[in-house]
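Chain by chain, the residues:
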Amino acid sequence: LLKSSRGFFLSYLKIKRLLCLYHLNNKYSTSRIEEMFEFGEYVVKIEDELEFDKRIKNGAKENKYQLYSRDVLYYRDESIKDEMKIMDLMTNSLDDLSFIKRKEIFSYQNEYRYLIVDELEERKNIRFEIGDLKDLATIMSKSEFLKTL
């Protein structure tokens, strides 16, 4: 809480960073996956999703970062159905919803996001080790990646 000449206001000075990944899963079609290629020439395909997730969570915990993670919720409009999904997330203790809610126009990105929060606000950058990824990830060209689908 900070005081100014106009009164008191809340200050959200926590350092937050997002790690956004394309989540290749059975729920969504891969028909629009090529639209993701606007982000670069190569793909890092995580072969062992559970181990990668475990390493991210352990790294955050060891460095005393708060971590939230989940698939992004894409919405068409501010319909009651979409708002009910958001309310459900709020009841599950997820208090920073901006990182998981996006307009449906971005749904081709099929994101899974990690929100990493530095509660201590002592560091300019959020950085931690998760180990060598050679055992659970492969770097490949876009054309090589498409052949794996």
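This one's a predicted model, so the numbers in the text were calculated from it and none came from an experiment.

Caption draft 1: Highlighting the overall build of the protein chain. Each helix and strand counted, the protein chain has three helices and nine strands in total. Taken over 149 residues, the protein chain has a buried fraction of 34%. Of the roughly 10800 Å² that the protein chain leaves accessible, carbon and sulfur atoms contribute 52%.

Caption draft 2: The pattern of salt bridges, seen in detail. Counted under the stated rule, the structure contains six salt bridges. Across the salt bridge formed by Lys 142 and Glu 41, the nearest N and O atoms sit 3.7 Å from each other. One end of the pair, Lys 142, is in helix H3 (residues 142-147); the other, Glu 41, is in the loop between strand S3 (15-22) and strand S4 (42-46), and 101 residues separate them in sequence. It is possible to trace a salt-bridge network through shared partners that takes in Glu 51, Lys 54, Arg 55 and Asp 135.

Caption draft 3: Fine view of the nonpolar core. Phe 52, Ile 56, Ala 60, Tyr 65, Tyr 112, Tyr 114, Ile 116, Ile 126, Phe 128, Ile 130 and Leu 136 form the largest nonpolar core, which has eleven residues in total. If you list the elements that add at least two residues to this core, you get helix H1 (49-62) and strand S8 (111-118). With near-sequence residues (within four places) excluded, Phe 52 lies in contact with Leu 19, Leu 21, Ile 46, Tyr 114, Ile 130, Leu 133 and Leu 136. The next biggest cluster of nonpolar side chains, apart from the first, holds five residues, and it includes Phe 37, Val 43, Met 140 and Phe 145.

Caption draft 4: Expanded view of the side chain of Ser 141. In this fold, Ser 141 is placed in strand S9 (residues 137-141). With near-sequence residues (within four places) excluded, Ser 141 lies in contact with Glu 41 and Tyr 42.

Caption draft 5: Representation of the packing of aromatic side chains. Evaluated as defined, the whole model comprises three aromatic pairs. For the pair Phe 52 and Tyr 114, a centre-to-centre distance of 6.3 Å together with 70° between the ring planes defines the contact as edge-to-face. With Phe 52 in helix H1 and Tyr 114 in strand S8, this residue pair connects regions lying 62 residues apart in the sequence. With respect to burial, Phe 52 and Tyr 114 carry one shared label: buried. Ring plane angle 45° and centroid distance 5.7 Å describe the contact between Tyr 65 and Phe 128, whose orientation is recorded as tilted. Here the residue Tyr 65 occupies a position in the loop between H1 and strand S5 (66-71), and Phe 128 occupies one in the loop between S8 and S9, the gap between them amounting to 63 residues.

Rules and cut-offs
- Each chain has its residues counted from 1, running along the sequence as written.
- Selection of residues for local features in this predicted model requires a pLDDT of at least 70, selection of side-chain atom pairs for listing and counting requires 80 or more, and totals for whole chains, interfaces and linings are taken over all residues.
- Working from all heavy atoms in the structure, the side-chain values ignore hydrogens and water.
- Runs of H or I in DSSP of at least four residues are treated as helices and runs of E of at least two as strands, each being numbered from the N terminus.
- Exposure classes here rest on a 1.4 Å probe applied to the protein chains alone. A residue is buried below 20% of its type maximum, exposed above 50%, and partly exposed in between.
- Here the Shrake-Rupley method, with its probe set to 1.4 Å, supplies the accessible areas, and only the displayed protein chains count as covering residues.
- The term salt bridge refers to a pairing of a side-chain nitrogen on Lys or Arg with a carboxyl oxygen on Asp or Glu at a separation within 4 Å.
- Side-chain atoms within 4.5 Å link the members of a nonpolar core, which is a set of buried Ala, Val, Leu, Ile, Met, Phe, Trp, Tyr and Cys residues.
- Residues are treated as being in contact if the distance between any of their heavy atoms lies within 4.5 Å.
- Centres within 6.5 Å make a pair out of two Phe, Tyr or Trp rings, where for Trp the six-membered ring is used; the pair is then stacked when the planes are under 30 degrees apart, edge-to-face when over 60, and tilted otherwise.

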